[in-house]
Amino acid sequence: MNALMSYLDPRVTATPGSAGNELWALIYVFVIFAGVAVIVLSMNWLERKALAHFQIRLGPMRVGPHGLLQPIADALKLMTKEDIVPADADEVVFRFAPVIGLLAAFTVYIVIPFGPSQAVTDMNIGILFMLGVSSLGVLGIVTAGWSSNSHYPLIGALRSSAQIISYEVAMGLAVVSALLMTSLNAQGTGTLSMIGIVQAQQQQHIWFVFKFFPLGFIALIIFAIAMVAETNRAPFDLPEAESELTAGFHTEYSGLRWSLFMLAEYAAMIAVSSIAVTLWLGGWMHPFPNWLNGPTWEFIFSLFPGLTFGGLALIAFIGTARMPSHPYFKIQRAGLAIFAVFLGFLALLLLAIAVAGHANDASIAARCREGVDNIYWFMLKVAVFMYLFIWYRATWPRYRFDQLMKVGWKVLLPISLGVLIVTAIVGVIFG
Amino acid sequence: MNPAIVNPGAAPIATTFFFYFLAAAAILSGLVVITRRNAVHSALALIVTLLSVAGLYLMLYAPFVAGVQIIVYAGGIMVLFLFVIMLVNIEVTVKDRQFNRIWPIGLVASCLLLTIFIGAYSKGKSLLLDRATQLPEAVNTQAIAGYLYGDAGHMGQYTFAFEIASLLLLVAILGAVIMTKKKI
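All values reported here derive from a predicted model rather than from experimental measurement. Residue numbers here run from 1 along each chain, matching the order of that chain's written sequence. Written order decides the labels, with chains lettered from A and ligands numbered from 1. Totals for whole chains, interfaces and linings use every residue, but because this is a predicted model, local features are given only for residues with pLDDT of at least 70 and side-chain atom pairs only at 80 or more, for both listing and counting.

Participant: So what about the overall build of chain B? Which residues, and what values?
Facilitator: Working definition: helices are DSSP H or I runs of at least four residues, strands are E runs of at least two. Numbering for both runs from the N terminus. When you go through chain B residue by residue, the secondary structure sums to seven helices and zero strands. Listing the helices and strands of chain B from first to last along the sequence gives α-α-α-α-α-α-α. Exposure criterion: with C-beta atoms placed from backbone coordinates, a residue whose C-beta has 20 or more other C-beta atoms within 10 Å is buried, one with 12 or fewer is exposed, and one in between is partly exposed. Per-residue burial for chain B yields a buried fraction of 16% across its 184 residues. A fraction of 46% describes how many contacts in chain B between residues 6 or more apart in sequence connect residues 24 or more apart. A pair of residues counts as a contact when their C-beta atoms, built from backbone coordinates, are within 7 Å of each other.

Rendered as structure tokens:
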């Protein structure tokens, strides 16, 4: 009981992991798991809708208003589909491969800092742990491709392992140049901890994307390119290039196991986006933390989460009002209205927390407001990257494999090495 | 960093249960590595071994070594291993008999290793140097950097060895490039 209550105390500022509080660590893990699952479902819907609108189509429209329930219908379909294991496949490895990818994608979430205390734990080697564990995800792809005992999956797996190892080099060097910046403050102590990296940006009063301009910016661009290749997304989706390899490494998979691959892919996308946000974009800080600070601005920024949900509720209400009055749409209309009311209620709750937290600085509401703020701004920045993933997919044609390797080794690697060296020199001179 | 109010009565999570769990996982998967005829299964089991050893490093308060173990061995080298093994025709290798005759050497080497283990277990305190000061986890990684590159506390006493090791890797890379390229 004591352990359960301890985190409701507004003065606790440590993550449950570093405080040794297993109970709350477990609660955080469950919350993150559920949140990521919901985000993956909504990303699925958003991606299909956005891609459709990029191509002047409508996208899913039938299940639920504007196809809002399509991901749930898809999930049900995938869960009830037969789980086929090919006759010549290596059965144990075949069954286990999607789980490897999923484990690697979800394990990294324990160090993602949604706020100074809104993380499962704060590791001394946070970023190293993230890069290491997310690089294990390729094992899932490789084993899936090999164990299928079929040509397309094997080629997909080979492409994937070559691609991920190549881009990991440039990615790692870009990360190192950002890590160098943490050590170039007055104290001269660098850090690998994810929370420590954001706090270093707080102390230096600059997001690393703007530090030593344009060095931080170039490093972010390199990371942003490499992370698309790491997650096998278009235009680097050669491991699953449907025009060449049917579906690449997961050609032989069906049903639930196939959906585990999808889940792992989206979870990995969120994870790498949050690395980028943490390292370069100030993590949980709201925009312009130097100019727009003080209680008034804090209050204004804390209204944003509530206003966002209010806006979503408004859109849903407009959708309800514009629904055709044909009896066929009766259930859809009622459903959308309920959804809108739910969103509106959430918006009111968040606004109430913001106002109550502003009124009394030491109350539990103030701590809730801080937590909501941190998570909101972090997720908003991640959402921008997630939208970029969709945008890339709609905009660029797929690379050829030799072009992919050329970009990785002959363009990104030299640039990231150069950025690293120049950052070190500039840091020693001006840091 | 802001001083964190730590939960009172926090017990260390690294309990003996985890030690025995990780050690058992490492040994069992190690046995799988040498008993499977299918090379891919062996490689996958080796990854489990490496990961459990990384967990043991974490329990020894060496998080940096654990992280590097995961990145370099489990994530990098083993993926390349698998990459190569996947191209080998497994069905042939499964039927093939082992054709090298080095098992006597292996036996001698493992007996020597066993002797060391027994020695360390029975009188470890006197046999091994007991100078490892336990650093708190927060400064462990910084201490490694100090030993390698030098700072006020540690004077960089291993800088030379570290640079020599990197030279060795450079030679290996050059060798690989020369072997694959006919014309440079």
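Participant: Report on the overall build of chain A, specifying residues and quantitative values.
Facilitator: When helices and strands are counted, chain A shows 16 helices and zero strands. In terms of overall size, chain A behaves like a compact globule, its C-alpha atoms giving a radius of gyration of 23 Å where 431 residues would be expected to give roughly 22 Å. In terms of overall dimensions, chain A has a C-alpha envelope of 70 × 65 × 45 Å along the principal axes. Expressed as a percentage of the 431 residues in chain A, the buried residues total 48%. Excluding contacts between residues fewer than 6 apart, the proportion of contacts in chain A whose partners are at least 24 apart in sequence is 75%. Radius of gyration means the value over C-alpha atoms here, while the globule rule gives 2.2 Å times the residue count to the 0.38 power.

Participant: Can you break down helix α7 (residues 159-180) of chain B residue by residue, with the values?
Facilitator: By this rule the span expected of a helix is its residue count minus one, scaled by 1.5 Å. The terminal C-alpha atoms of α7(B) lie 32 Å apart, and with 22 residues this matches the ideal 32 Å at 1.5 Å per residue to within 8%. Across the 22 residues that make up α7(B), only a small minority, zero, are buried.

Participant: Explain the nonpolar core residue by residue, including any values.
Facilitator: As used here, a nonpolar core is made of buried Ala, Val, Leu, Ile, Met, Phe, Trp, Tyr and Cys residues. They are joined through C-beta atoms within 7 Å. A:Ala174, A:Phe223, A:Ala226, A:Ala267, A:Ala271 and A:Ala276 are the most contacted members of the largest nonpolar core, which has 141 residues in total. Setting aside residues up to four positions removed in sequence, A:Ala226 forms contacts with A:Tyr167, A:Ala170, A:Met171, A:Ala174 and A:Leu412.

Participant: Describe the packing of helix α7 (residues 137-147) of chain A against helix α8 (residues 151-182) of chain A, and please don't skip the residues or the numbers.
Facilitator: Residues and elements named next belong to chain A. Contact geometry of α7 with α8 gives a least axis separation of 7 Å together with a crossing angle of 155°. Comparing the axis directions of α7 and α8 gives the class roughly antiparallel. Between α7 and α8 the crossing geometry is left-handed. Across from Val138, Ile141, Val142, Ala144, Gly145 and Trp146 in α7, the residues of α8 making contact are Pro153, Leu154, Gly156, Ala157, Ser160, Ser161 and Ile164. Ten residue types, Ala, Val, Leu, Ile, Met, Phe, Trp, Tyr, Cys and Pro, are classed as nonpolar, four, Asp, Glu, Lys and Arg, as charged, and the remainder, Gly among them, as polar. Looking at the contact of α7 with α8 residue by residue, the classes come out as nine nonpolar, four polar and no charged. Axis definition: a line fit to C-alpha positions, over the contact stretch in the case of helices; interaxial angles, taken between N-to-C directions, run 0 to 180 degrees. Orientation is classified from the angle alone, with under 35 degrees giving roughly parallel, over 145 giving roughly antiparallel, 65 to 115 giving roughly perpendicular, and any other angle giving oblique. Rotating anticlockwise by less than a right angle from the far helix to the near helix defines a left-handed crossing, while the corresponding clockwise rotation defines a right-handed one.

Participant: An account of the domain arrangement of chain A is requested, with residue identities and associated values reported.
Facilitator: Residue ranges assigned to the domains are those given by an automatic or database domain assignment. Domains assigned within chain A are domain 1 (23-80) and domain 2 (295-380). Put simply, the middle of domain 1 of chain A and the middle of domain 2 of chain A, counted by C-alpha atoms, are 19 Å apart.

Participant: Give me the lowdown on the packing of helix α13 (residues 295-322) of chain A against helix α15 (residues 364-395) of chain A, citing residues and values where you can.
Facilitator: All names here are of chain A. Packing of α13 against α15 brings their axes to within 9 Å, and their N-to-C directions diverge by 70°. On the basis of their axis angle, the class for α13 and α15 is roughly perpendicular. Between α13 and α15 lies a crossing whose hand is left-handed. Here Phe301, Ser302, Phe304 and Pro305 of α13 lie close against α15, whose contacting residues are Arg369, Val372, Asp373 and Tyr376. Along the lines of polarity and charge, the residues of the contact of α13 with α15 split into five nonpolar, one polar and two charged.

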